[in-house]
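Tertiary structure, described
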Amino acid sequence: MPWAAGGSTDQITRLVAAEMEKPLGQTIVIINQPGASGAIGTRSALEAAKDGYTWTAGAAQDLGAYQTLGSLDTSIKDWHLFLSVANVQVIGVNANAPYKTAKDLLDAMKAQPGKISVATAGVTSAGHNAMELISKVTGVKYRHVTYDGGNPAVVATVSGEAEVTTQLAVEQADMIRGKRLRPLATVSDKRLELEGYGTIPPLSDTLSGFTAPTNYFGIFIPKGVPDEVIATVEKIWKENISSSEAVKKYATLRGALFAPSSGEAAQKAVFPAVQANAWLLFDTGKAKVSPDTVGIPKP
């Protein structure tokens, strides 16, 4: 688990692991190993013995950006992807913040360049990607405050260490329902219905034409492991995870999209977000390697 406990990756992976244990007939042990925006834990899985017993997890768009960032020499094609849900980022502000709408916040950022603090799980995280995309589209500047995971970033915003977070809805949901955070917009062109709260409007209502690619999460197994390992996990994915009521309930409750897939379908589904993320990082000076030199053409 390359991110801290309690965040979006940790939440969904622990749930899916529990759903896999019965058909697998084995216990799945979750070890949190955060750091370097997910690269440290991912490296552990990549460099482990190719016996099929060490996996990693997270957002596929992060996995696809490590090569461009120069933090880990691996491509999305080096992994078997087992996707479970898709998550959407939300602009959430401290309950005491003066911003009532996304326009209020963007206007304040324009008036105070680099002053308003935004908490995320670090470079390449969903929250950072969202804020960088907003910055690219609007030209606003912000003060980036990084944490070891989405949950710590959300808690920091609730406590007042930061004014804003752009982490995922699944990480903010409880604090939104508890009125500790005020959601201003989804970082998307689609509204979000959050159980126990209501409707969160899309950022496209404020920024006409705004869109963002779908951010898929899942379990990743490095290629080179025995074929029977992949065949076993694929069977469980098709027969158990794809019809899991527990995962469906999680998606409904947390504001996520239930979207299990694997194999080539999963590779095809995640590529738009991988592509957009890699080029966003490169265009904003965060990446060391041009994406087109590692097989990621400009969208």
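Each value, and the rule that gives it
Residues numbered from 1 in each chain as written. Predicted model: local features only at pLDDT ≥ 70, side-chain atom pairs only at ≥ 80, totals over all residues. Heavy atoms only, no water. Pairing = 2+ DSSP bridges. Helix = DSSP H or I, 4+ residues; strand = E, 2+ residues; numbered from the N terminus. Contact = heavy atoms within 4.5 Å. Axes fitted to C-alpha atoms, helices over the stretch in contact; angles between N-to-C directions. Polar contact = N/O pair within 3.5 Å; in protein donor to acceptor, adjacent residues only side chain to side chain. Buried < 20%, exposed > 50% of the residue type's maximum accessible area, 1.4 Å probe, protein only. Core = buried A, V, L, I, M, F, W, Y, C linked by side-chain atoms within 4.5 Å. Arc of directions from axis to C-beta. Phe/Tyr/Trp six-rings, centres within 6.5 Å; stacked < 30°, edge-to-face > 60°. Salt bridge = Lys/Arg side-chain N within 4 Å of Asp/Glu carboxyl O. Parallel < 35°, antiparallel > 145°, perpendicular 65-115°, else oblique. Left-handed = near helix turned anticlockwise from the far one by under 90°.

**Remarks on the sheet that holds strand β3 (residues 90–94)**
With respect to topology, 5 strands assemble into an open sheet ordered β5-β4-β6-β3-β7, the strand pairing being mixed. Of all the strands in the sheet, just β5 (143–146) and β7 (181–186) have a single pairing partner and so form its edges. In terms of strand pairing, strand β4 (residues 117–120) meets β5 through 4 bridges, oriented parallel. Pairing of S117 across the sheet is with R143, part of β5. Each of β3, β4, β6 (164–165) and β7 touches helix α5 (residues 102–111); the most contacted strand, β7, lies at about 90 degrees to it. Packing against the sheet, helix α7 (residues 150–159) makes contact with β3, β4, β6 and β7, and its axis sits at approximately 35 degrees to β3.

**A short note on the environment of S261**
Within the secondary structure, S261 is located in strand β11 (residues 257–262). Discounting residues that sit within four places of it in the chain, S261 has contacts with L81, F82, L83, W237 and A266.

**Focus on the environment of R14**
Of note, R14 is situated in helix α1 (residues 8–24). Considering only alpha carbons, one finds R14 and V247, 233 residues apart in sequence, at a separation of 11 Å. Beyond its immediate stretch of four places on either side in the chain, R14 contacts I30 and N32. Looking at R14, its side chain comes within polar contact range of the side chain of D10, at 2.9 Å.

**As for unusual backbone geometry**
The backbone of A36 sits at a positive phi, close to 55 degrees, despite the residue not being glycine. Structurally, A36 is set in the loop between α1 and α2 (39–47). Here the phi dihedral of S37 falls at roughly 55 degrees; this positive angle occurs in a residue that is not glycine. With respect to the helices, strands and loops of the structure, S37 is situated in the loop between α1 and α2. Among the residues examined, S37 registers a relative accessible area of 17% and is labelled buried.

**A short note on the nonpolar core**
Grouped together as the largest cluster of nonpolar side chains are 27 residues, with contacts concentrated most on V16, M20, V85, I219, I221 and W237. Contributions of two or more residues to this core are made by α1, β1 (56–59), β2 (79–87), β10 (215–222), α9 (227–239) and α10 (245–254). For this core, the element with the most residues is α9, which contributes 5 residues. Those residues in contact with W237, other than ones at most four positions away along the chain, are V16, M20, F82, L83, S84, I219, S242, P260, S261 and S262. Counting 25 residues, the second-largest nonpolar core is a separate cluster that includes V93, A130, V164 and L280.

**Describing α2**
Listing the buried residues of α2 in full gives A39, G41, T42, A45 and L46. Buried residues of α2, seen end-on, are gathered within an arc of 165 degrees and therefore sit on one face of the element. Residues of α2 that are buried in the fold lie against β1, α3 (60–63), α4 (66–69), β2 and β10.

**Section: the packing of aromatic side chains**
The full count for this structure, using the stated rule, is 2 aromatic pairs. Seen in terms of ring centroids, W279 and F282 are 5.8 Å apart; in terms of plane orientation they differ by 85 degrees. Their pairing is edge-to-face. Here W279 and its partner F282 are both found in helix α11 (residues 263–283), 3 residues apart, which amounts to about one turn of the helix. Residue classification places W279 among the buried positions, given a relative accessible area of 7%. Judged by relative accessible area, F282 falls into the partly exposed class, the value being 31%.

**Some words on the pattern of salt bridges**
Under the definition given, this model contains 12 salt bridges. The partner of K235 in a salt bridge is E239, and the shortest N-O contact between them spans 3.1 Å. Residue K235 and its partner E239 are located together in helix α9, separated by 4 residues, close to a single helical turn. In this structure, K298 engages D283 in a salt bridge whose closest nitrogen and oxygen atoms are separated by 3.7 Å. Remark: D283 occurs in helix α11 and K298 occurs in the segment after α11; sequence separation between them is 15 residues.

**Section: the packing of α7 against helix α8 (residues 169–177)**
α8 packs onto α7 with a crossing angle of 30 degrees between their chain directions and a minimal axis gap of 9 Å. Taken as axis vectors, α7 and α8 run roughly parallel relative to one another. Handedness of the α7/α8 crossing: right-handed. Touching G150, N151, V154 and V158 of α7 are E171, Q172 and M175, all from α8.

**Description of the sheet that holds β1**
Neighbouring strands of a sheet are bound in pairs by backbone hydrogen bonds; such pairs are parallel or else antiparallel. Pairing in this open sheet of 4 strands is antiparallel, and the strands run β1-β10-β2-β11 from one edge to the other. The open sheet terminates on both sides in strands that have one partner only, identified here as β1 and β11. Strand-to-strand, the axes of this sheet are offset by a mean angle of 20 degrees, without reference to chain direction. Judged from the 8 bridges that link them, β2 and β10 form a sheet pairing that is antiparallel. If you follow F82 over to β10, its bridge partner there is I219. Relative to β10, α1 is tilted by about 60 degrees, and along the sheet it contacts β1, β2 and β10.

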